[in-house]
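Summary of structural features
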Amino acid sequence: MGTFKLVESFVSINGEGRFAGELALFMRFAGCNLQCDWCDTKWANSADVAYTEKTVSQLADIAKSAAEEYGLHRVTLTGGEPLLQKDIAELINALNDIGIDVEIETNGSVPIVPVAEKSGVRPEFTMDYKLPSSGMESRMCLENLPQLKDSDTLKFVCASREDLERAAEVLEEYKPVCKVYLSPVFGRIEPKDMVEFMKEKKLGRVNLQLQLHKFIWDPNERGV
Ligand code: SF4
């Protein structure tokens with residue numbers, strides 16, 4: 001049975017994506033293969049981050065307790081990069097077995113198909129496409145884009161006009177069928193300028209999304 005490097009788990013609202021505002025249990029795993037310029041969870045990626053080794057059944061127990069205590073029905077697996085956990089499909093299946101839906105927040109650099117194929121019920125992927133300001137665009141796994149389904153989400157985190165232009169190009173080229181969000185890097189770009197860009201480029205099928213937790217809590221607060 002696989003083990004996982006769990007950095008933290010907590011119940012909060014989903015701050016972004018199609019489940020924004022809904023209660024979920026978050027499980028954050030250690031480690032990331034990228035180093036985005038504006039990363040707000042760098043602490044979880046450092047080599048010496050404190051973590052607890054958990055088995056699949058221990059994680060399922062945590063989820064079961066949270067479901068009973070808070071009436072929630074969704075677990076968000078995040079990081080770092082959760083798809084680096086080699087037994088992630090085993091965890092997805094165990095959570096599904098106890099009636100819990102799984103959302104995976106992935107950074108767009110790891111193929112999603114092998115995980116989807118090993119999962120009895122396909123998890124909902126919320127995939128980032130890293131834009132130029134992140135410094136990580138060359139690491140994007142482009143073959144993921146045509147694999148995104150209706151139930152998935154593609155998120156472009158934007159810090160500049162150049163980012164917005166690139167997001168529009170990617171949308172034009174790949175025409176994803178999933179929900180698409182543009183989300184500002186907090187403090188780096190004005191959301192109203194993003195709305196103007198959406199109007200200018202006729203992005204009528206794209207949603208602007210502000211990260212709710214940045215407005216509810218201190219932007220640097222952890223575990224919320
Ligand atoms: S992929 Fe996510 S966790 Fe990794 S460095 Fe980028 S923002 Fe941070």
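Right, let's walk through the structure included here. If you're wondering where the values come from, they're calculated on a predicted model, not measured in any experiment. (Residues numbered from 1 in each chain as written. Predicted model: local features only at pLDDT ≥ 70, side-chain atom pairs only at ≥ 80, totals over all residues. Heavy atoms only, no water.)

1. Brief notes about unusual backbone geometry
A cis amide bond links Gly 79 with the next residue in sequence, Gly 80, at an omega value of 15 degrees. For Gly 80, the position within the fold is in the loop between β4 (74–78) and α3 (88–97). Of note in this structure, Lys 202 is not a glycine but carries a positive phi near 60 degrees. Mapping Lys 202 onto the fold places it in the loop between α6 (191–200) and β9 (206–208). (Helix = DSSP H or I, 4+ residues; strand = E, 2+ residues; numbered from the N terminus.)

2. Here's the deal with the packing of helix α2 (residues 56–70) against α3
The geometry of a pair of packed helices is captured by two quantities: the angle between their axes and the separation between those axes. One way to put it is that α2 packs onto α3 with a least axis distance of 9 Å and a crossing angle of 40 degrees. Relative to α3, the element α2 lies oblique. Seen from above, α2 lies across α3 with right-handed handedness. Contacts between α2 and α3 involve Val 56, Leu 59, Ala 60 and Ala 63 from the former and Glu 90, Leu 91, Ala 94 and Leu 95 from the latter. By residue class, the composition of the contact of α2 with α3 is seven nonpolar, no polar and one charged. (Axes fitted to C-alpha atoms, helices over the stretch in contact; angles between N-to-C directions. Parallel < 35°, antiparallel > 145°, perpendicular 65-115°, else oblique. Left-handed = near helix turned anticlockwise from the far one by under 90°. Contact = heavy atoms within 4.5 Å. Nonpolar A, V, L, I, M, F, W, Y, C, P; charged D, E, K, R; others polar.)

3. Re the pattern of salt bridges
Applying the stated rule across the entire model yields 16 salt bridges. Measuring nitrogen to oxygen at the nearest pair gives 2.7 Å for the salt bridge that ties Glu 8 to Arg 28. In this pair, Glu 8 is assigned in strand β1 (residues 3–13) and Arg 28 in strand β2 (residues 23–29), connecting sequence segments 20 residues apart. Comparing Glu 8 with Arg 28 shows no difference in burial state: the two are buried. One continuous salt-bridge network, built from bridges that share partners, spans Glu 16, Asp 128, Lys 130 and Lys 155. (Salt bridge = Lys/Arg side-chain N within 4 Å of Asp/Glu carboxyl O. Buried < 20%, exposed > 50% of the residue type's maximum accessible area, 1.4 Å probe, protein only.)

4. Here we look at the site of the ligand
Near the ligand, the surroundings consist of Cys 32, Leu 34, Gln 35, Cys 36, Trp 38, Cys 39, Thr 41, Asn 45, Gly 80, Asn 107 and Lys 130. Of the pockets mapped on this structure, the ligand occupies the largest pocket. (Near = heavy atom within 4 Å. 1 Å grid on protein atoms, 1.4 Å probe; cavity = no way out; pocket = protein on both sides within 12 Å on 5 of 7 lines; lining within 4 Å. Sits in = over half its atoms within 2 Å of the grid points.)

5. Some points on the packing of aromatic side chains
By the definition in use, this model includes three aromatic pairs. Both rings, one in Phe 4 and one in Phe 29, keep their centres 5.5 Å apart while their planes meet at 40 degrees; by these two values the pair is tilted. Here the residue Phe 4 occupies a position in strand β1, and Phe 29 occupies one in strand β2, the gap between them amounting to 25 residues. An angle of 45 degrees between the planes, with centres 5.7 Å apart, marks the rings of Tyr 129 and Phe 156 as tilted. A residue pair is termed long-range when its members are at least 10 positions apart, and Tyr 129 in strand β6 (residues 124–129) and Phe 156 in strand β7 (residues 153–158) qualify at 27 residues. By relative accessible area, which is 3% here, Tyr 129 ends up buried. Accessibility expressed as a relative area gives 0% for Phe 156, which makes it buried. The ring of Phe 19 carries Arg 74 above its face, with NZ or CZ at 3.5 Å from the centroid. (Phe/Tyr/Trp six-rings, centres within 6.5 Å; stacked < 30°, edge-to-face > 60°. Lys NZ or Arg CZ within 6 Å of the ring centre and 35° of its normal.)

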